[in-house]
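So the chains spell out like this:
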Amino acid sequence: MKKFRIGILGAGRGLCIAQNLMLIDDCEVVALCENNEERARWGFKEFGFTNAGKELPVFKDFDEFLEQDLDAVVIANYFHEHTPFAIKCFRKNIHVFCECISNSTLAEGVDLIRAYEKSNSIFMLAENYPQMIFNREMKRVCDGGSLGKILYAEGEYNHPAQPSDKEFTKGFCYFPEHWRHYLPRTYYVTHSLAPIMWATGATPKRVSAQAIFEPFTDKASARQVGDRAAIITTFNDDGSVFKFTGCGGFGAHSNSYRICGTNGQVENLRGMGDKVMLRYNSWSIPEGKEETNLYEPEWNDKDEEFIKQSGHGGGDYIVARMFIECLKENRQPEFPYDIYSAINMSSVAILGHRSVLNGGKPYDIPDYHLEETRKQLENDNDSPFYYSDGREPTIPCCSHPDYRVTDEQMNGYLEFIKD
Ligand SMILES: NC(=O)c1ccc[n+]([C@@H]2O[C@H](COP(=O)([O-])OP(=O)(O)OC[C@H]3O[C@@H](n4cnc5c(N)ncnc54)[C@H](O)[C@@H]3O)[C@@H](O)[C@H]2O)c1
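Bear in mind the structure is a predicted one, so any value in this text is a computation, not a measurement. (Residues numbered from 1 in each chain as written. Predicted model: local features only at pLDDT ≥ 70, side-chain atom pairs only at ≥ 80, totals over all residues. Heavy atoms only, no water.)

Peer 1: Looking at this model, I keep getting lost on the site of the ligand. Mind explaining?
Peer 2: The environment of the ligand is formed by 27 residues, the closest being Arg13, Glu34, Tyr174, His178 and Trp179. Asn35 is positioned with one of its backbone polar atoms (N or O) 3.2 Å from a nitrogen atom of the ligand. Side-chain polar atom of Trp179 to an oxygen atom of the ligand: 2.8 Å apart, as the coordinates give it. If the ligand stood free it would expose 840 Å²; the protein chains cover 94% of that surface. Counted by class, the shell around the ligand contains twelve nonpolar, ten polar and five charged residues. Looking at the shell around the ligand, you find at least three residues from each of domain 1 (4–128 + 317–337) and domain 2 (133–306 + 340–377). (Near = heavy atom within 4 Å. Polar contact = N/O pair within 3.5 Å; in protein donor to acceptor, adjacent residues only side chain to side chain. Areas by Shrake-Rupley, 256 points an atom, 1.4 Å probe, with all protein chains shown as cover. Nonpolar A, V, L, I, M, F, W, Y, C, P; charged D, E, K, R; others polar. Domains from an automatic or database assignment.)

Peer 1: I tried to follow the packing of aromatic side chains on my own but got confused; where do I start?
Peer 2: The full count for this structure, using the stated rule, is 23 aromatic pairs. Taken together, a centroid distance of 4.8 Å and an interplanar angle of 85° make the contact between Phe62 and Phe85 edge-to-face. With Phe62 in helix α3 (residues 62–66) and Phe85 in helix α4 (residues 83–91), the pair connects residues that are 23 residues apart, well separated along the chain. Under the relative-accessibility criterion, Phe85 is labelled partly exposed at 22%. Three or more aromatic residues joined by ring pairs make a cluster, and in this case those are Phe79, Tyr129, Tyr157, Trp179, Tyr187, Tyr188 and Phe385. Here the basic side chain of Arg391 rests over the ring of Tyr387, its NZ or CZ set 4.1 Å away from the ring centre. (Phe/Tyr/Trp six-rings, centres within 6.5 Å; stacked < 30°, edge-to-face > 60°. Helix = DSSP H or I, 4+ residues; strand = E, 2+ residues; numbered from the N terminus. Buried < 20%, exposed > 50% of the residue type's maximum accessible area, 1.4 Å probe, protein only. Lys NZ or Arg CZ within 6 Å of the ring centre and 35° of its normal.)

Peer 1: Can you walk me through the sheet that holds strand β3 (residues 58–59) in this structure?
Peer 2: Two modes of strand pairing occur in sheets, parallel and antiparallel, and in both the strands are linked by backbone hydrogen bonds. Taken in spatial order, the six strands make up an open sheet running β3-β2-β1-β4-β5-β6, and their pairing is parallel. Two strands in the sheet have a free side with no partner beyond their single neighbour: β3 and β6 (123–125). Two strands pair when backbone bridges link them, and strand β1 (residues 4–9) and strand β4 (residues 72–75) are joined in this way by four bridges, in the parallel orientation. Bridge pairing links Leu9 to Ile75 in β4. The strands that helix α10 (residues 315–329) touches are β1, β2 (27–33), β4, β5 (95–98) and β6; relative to β5, the one it contacts most, it runs at about 165°. (Pairing = 2+ DSSP bridges. Contact = heavy atoms within 4.5 Å. Axes fitted to C-alpha atoms, helices over the stretch in contact; angles between N-to-C directions.)

Peer 1: What exactly am I supposed to notice about unusual backbone geometry here?
Peer 2: The phi angle of most residues is negative, glycine excepted, and most peptide bonds adopt the trans form. Geometrically, the link from Cys100 to Ile101 is a cis peptide bond, its omega value of -10° lying close to zero. Relative to the assigned elements, Ile101 resides in the loop between β5 and α5 (106–117). Omega for the peptide link from Gly251 to Ala252 comes to -5°, which places this bond in the cis form. Looking at the element boundaries, Ala252 is found in the loop between β10 (241–248) and β11 (254–261).

Peer 1: How should the nonpolar core be read in this particular structure?
Peer 2: Across soluble globular proteins, nonpolar side chains show a tendency to be buried alongside one another. Counting residues in hydrophobic clusters, the biggest one holds 117 residues, and the most contacted among them are Ile6, Leu21, Val73 and Ile259. The residue makeup of this core includes at least three contributed by each of domain 1 (4–128 + 317–337) and domain 2 (133–306 + 340–377). Discounting residues that sit within four places of it in the chain, Leu21 has contacts with Ile6, Ile8, Cys27, Val29, Val74, Ala320 and Ile324. Counting residues in each nonpolar core, the second largest holds seven residues, with Tyr403, Met410, Tyr413 and Ile417 among its members. (Core = buried A, V, L, I, M, F, W, Y, C linked by side-chain atoms within 4.5 Å.)

Peer 1: What is the right way to look at the sheet that holds strand β14 (residues 292–295) in this model?
Peer 2: Strand order in the open sheet formed by nine strands is β14-β13-β12-β11-β7-β10-β9-β8-β15, with mixed pairing between adjacent strands. Edge strands, defined here as strands with exactly one partner in the open sheet, are β14 and β15 (363–364). Pairing of strand β12 (residues 264–268) with strand β13 (residues 276–280), which is carried by five bridges, proceeds in the antiparallel orientation. Residue pairing for β13: Gly264 is matched across the bridge by Tyr280. Sitting on the sheet, helix α6 (residues 133–144) is in contact with β7 (150–158), β11, β12, β13 and β14, with an inclination near 5° to β11.

Peer 1: What am I meant to see in helix α8 (residues 190–200) here?
Peer 2: Within an α-helix, residues lying three or four positions from one another point in the same direction, as the helix has 3.6 residues per turn. In terms of residue burial, α8 counts as a mostly covered element, since eleven of its eleven residues are buried. By the burial criterion, the buried members of α8 are Thr190, His191, Ser192, Leu193, Ala194, Pro195, Ile196, Met197, Trp198, Ala199 and Thr200. Where α8 ends, the next residue or the one after it, Gly201, has phi of about 80°, a positive value.

Quick look at the structure:
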């Protein structure tokens, strides 16, 4: 069988995904698009990417890159600039594996869905966190039905980082206008939200959020967001409620999730590795279970060897495999990896921040299936980010709109990234 020819946009996360694709028989990585030579060098070194001994052609221009007879493209350029590149792929019926988030404004969501509906492309969100072992186990428990009707779930992607971490700053936040310095706390939402959507099958319909303001005082920092976390709640299409973070930054690091039904609840335990706690009401214990069950789930997967060498708890390999399976079977991915769910999550990110800026006001999540909704949103271009084409932020990125790092902090940062 012919191998699928995959191109990679972005030499950071993109090459990390490429490495996982290299483990799968049915595809080959044939080209990289990266317009910053230094980043290309850094990426090859940082992620130890080798192309089975062959040199990977690097293109600076995306249109030229797209001419390389590609079946699919991994979109891993800047976080807030995925949409125009996905649309270019759709116009050529090239399949898309898109890093989070799919669109950085509500108007981009309209452009994205319109272009998608005109194409034959498969779109899959490259969201790896649902495939961590404990999240797979929680989905298995939910699917088994023993929790009863699902009422409530929590998701926490808590990833504190120190501005004084030189290696991280130089590798991931390498110029003052970089998106990581302007990232509102609700925007990096898919790592906390997608796992609970996947496990429960629920889709957010209304969002509200509150931020916790506690700026860094480090001498070197360009981080223009003084918030440490945002706590987001959604009301969902099945009547359930979710509570989750975007990317949180309070002590201490954890990815933790909890799902509660009428009969019981399941969660992974913070600071306890991959352990899962499953508990039932004393009157609704299913056969073969105890009231309290604490255990280490198992993969039970034919590719355990690859999963164990892959990043993000094995999630990186599993989502890459899921994408190639979609290509082989010529079908769209399962919920919530599909484009409508991806845009739904982007809307939660965008409107969650709008809620933060408006005192926690709730916003309805738009239904992008409807043409009248699209008409209403096609000019909603508000964004907290700087874009490569010169566009500047139109809204504050922080809950305290006037917050800025001091001149001393910015000068310290510029000195910091110099050598
Ligand atoms: N799922 C995960 O676990 C995970 C982990 C890290 C990053 N990410 C996502 O991956 C994406 C990339 O993040 P990153 O960490 O690599 O940092 P990054 O955003 O700084 O890297 C983007 C890369 O794309 C290149 N690029 C930007 N515009 C380009 C263009 N027009 N043509 C060619 N190259 C261009 C940049 O030079 C840079 O090397 C983001 O969306 C991020 O959210 C996901």
